[in-house]
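Each chain, written out:
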Amino acid sequence: MLNKIIQYSLHNRLVVMIASIALLLWGAYTAHKMEVDVFPDLNAPTVVVMTEAQGMAPEEVERMVTFPIETAVNGATDVKSVRSSSTTGFSVVWVQFDWGTNIYTARQIVSEKLSTLGDVLPSNVGQPTLGPQSSILGEMMIFGLTANSTSLQDLRTIADWTIRPRLLSTGGVAQVAVIGGDIKEYQILLDPARMKHYGISMDEVLTVVDNMNQNSTGGILYEYGNEYIVQGLLATNDVEEIGKGVVKTVNNVPVLLSDIATVQIGPKEPKLGLASERAKPAVLVTITKQPNTNTLELTDKLDQAIVDLQKTLPSDVKISSDIFRQSRFIESSISNIQKALFEGAIFVVVVLFFFLMNVRTTIISLVALPLSLLVAILTLHGLGLTINTMSLGGLAIAIGSLVDDAIVDVENYGKIN
């Protein structure tokens, strides 16, 4: 069979040249458009179910939250295994499906199963939610926020309300997690002595402050053929305005919230995490990508987004985007195979030309190297695989075999002629 292919190629050189050029263009275009990643995605389609259970001990979370969720999803279609973890006030269930299951179909199946829980979960437990769809190796970038004069509380606020929404709007980003800094919180610090003086109980205060800082609607007022929308504009971020809330009327005198408490803005306690960047307190932002997303292209988009964000931040706030970048591993791998290809080409020229003294043989071997690599990339693309460090490493190792095959084919050509 191989001899027939060689014979056909020798007698139809123009066809072979045209096919080679077409293969070169097609392979180069496909390689440019293919997804590039660190490693192939080796985990089966998995859906993560997260549920908050405030105040519950791990044993209660396991018995009253995790077990009902596991029971609901265990019999779902194509479910391979179900794992869970129950901690204080939080439950996580991993639902793993068979290989080849469409991940969006899997998420739909889990959503339908969760809807059957109804009133099974306790009233103080939040609604089970699906985690963002990301790869197990989807953590692609970590960058830090540091400042000289801006407080850690302001840095965390900038990260949560300015940077995070901007990055989430970038196509291909699955999740943006913020760690470190002080979470801004509006605090009402009650004074028991003043509460006792006015005869106000804790329940009365809780009743007043529950959802007090919200706007309300007053309907529509019709007058002289016109419609007027009536609004109750109560929402405010001014602590003085919040302190003017009426708690109770004593002897026809309103007792305000500021009379029995100190209303202030402060950091949330207890702290849920600390972060530093180059031994300096900082706020770290971790970006996770969606599956089937080109890491290099998404990194370029994020770099541009960070540059745009830097222009809008206070002058002393610095964004360090070189803490962790998954693209470094990919670029290093691509650089290594380029180096191996270049060095292999040089050795081919040295060995074939100076030992065989044949320019034609040297050119044939040099052409065989890139064409063979492009055929391998087209094969990977046809199988639905990606370019990653493992496949690039295999291509780099295969360069030696390619040179050997090229020499053998040239020798066969000489014997046939």
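Structural notes, computed from the coordinates. Please read these numbers as outputs of a predicted model, since none were measured by experiment. (Residues numbered from 1 in each chain as written. Predicted model: local features only at pLDDT ≥ 70, side-chain atom pairs only at ≥ 80, totals over all residues. Heavy atoms only, no water.)

1. Here we look at the pairing of strand 8 (residues 216-223)
Taken residue by residue, a regular strand's side chains alternate between the two faces of the sheet.
Part 1: As paired strands, strand 8 and strand 9 (residues 226-232) are joined by six bridges and run antiparallel to one another. By the bridge assignment for strand 9, serine 216 is matched with glycine 232.
Part 2: The hairpin turn running from strand 8 into strand 9, its antiparallel successor, is two residues long, and tyrosine 224 in that turn takes a positive phi close to 55 degrees. (Pairing = 2+ DSSP bridges. Helix = DSSP H or I, 4+ residues; strand = E, 2+ residues; numbered from the N terminus.)

2. Observations concerning a nonpolar patch on the surface
Part 1: Taken together, Phe342, Ile346, Phe347, Val350, Val351, Phe354 and Phe355 make up a surface patch of nonpolar side chains, about 770 Å² in accessible area.
Part 2: The residue phenylalanine 347 is located in helix 11 (residues 326-356) in this model. (Patch = residues over 30% accessible without salt bridge, like charges linked within 9 Å, V, L, I, M, F, W, Y side chains within 5 Å. Areas by Shrake-Rupley, 256 points an atom, 1.4 Å probe, with all protein chains shown as cover. Salt bridge = Lys/Arg side-chain N within 4 Å of Asp/Glu carboxyl O.)

3. Things to note about the pairing of strand 13 (residues 283-289)
Part 1: Taken across its seven residues, strand 13 has seven buried, putting it largely inside the fold.
Part 2: Residues Val283, Val285, Ile287 and Lys289 of strand 13 are buried on one face, and the alternating residues Leu284, Thr286 and Thr288, pointing to the opposite face, are buried as well.
Part 3: In the sheet, strand 5 (residues 139-146) pairs with strand 13 via six bridges, with the strands oriented antiparallel. Looking at strand 13, one finds that phenylalanine 143 is bridged to valine 285.
Part 4: Note: strand 6 (residues 173-179) against strand 13, six bridges, orientation antiparallel. Note that in strand 13 the partner of glutamine 175 across the bridge is threonine 288. (Buried < 20%, exposed > 50% of the residue type's maximum accessible area, 1.4 Å probe, protein only.)

4. Re the sheet that holds strand 14 (residues 318-325)
Part 1: Taking strand neighbours across the sheet as the criterion, the four strands line up as 6-13-5-14 in an open arrangement whose pairing is antiparallel. The open sheet is flanked by strand 6 and strand 14, the only strands paired with a single partner. Adjacent strand axes in the sheet meet at a mean angle of 20 degrees when their direction is disregarded.
Part 2: Across five bridges, strand 5 lies against strand 14 in antiparallel orientation. (Axes fitted to C-alpha atoms, helices over the stretch in contact; angles between N-to-C directions.)

5. Things to note about the packing of helix 2 (residues 13-33) against helix 12 (residues 359-382)
Part 1: Remark: helix 2 packs on helix 12, axes separated minimally by 9 Å, with the N-to-C direction vectors making an angle of 50 degrees. By the angle between their axes, helix 2 is oblique relative to helix 12. Of the two possible hands of crossing, helix 2 and helix 12 adopt the one that is left-handed. Residue-level contacts link Arg13, Ser20, Leu23, Leu24, Trp26, Gly27, Ala28, Thr30 and Ala31 of helix 2 to Arg360, Leu371, Leu374, Val375, Ile377, Leu378 and His381 of helix 12.
Part 2: Classifying every residue of the contact of helix 2 with helix 12 by side-chain character gives 10 nonpolar, four polar and two charged. (Parallel < 35°, antiparallel > 145°, perpendicular 65-115°, else oblique. Left-handed = near helix turned anticlockwise from the far one by under 90°. Contact = heavy atoms within 4.5 Å. Nonpolar A, V, L, I, M, F, W, Y, C, P; charged D, E, K, R; others polar.)

Honestly, that's just the spatial picture; any functional story needs more than this.
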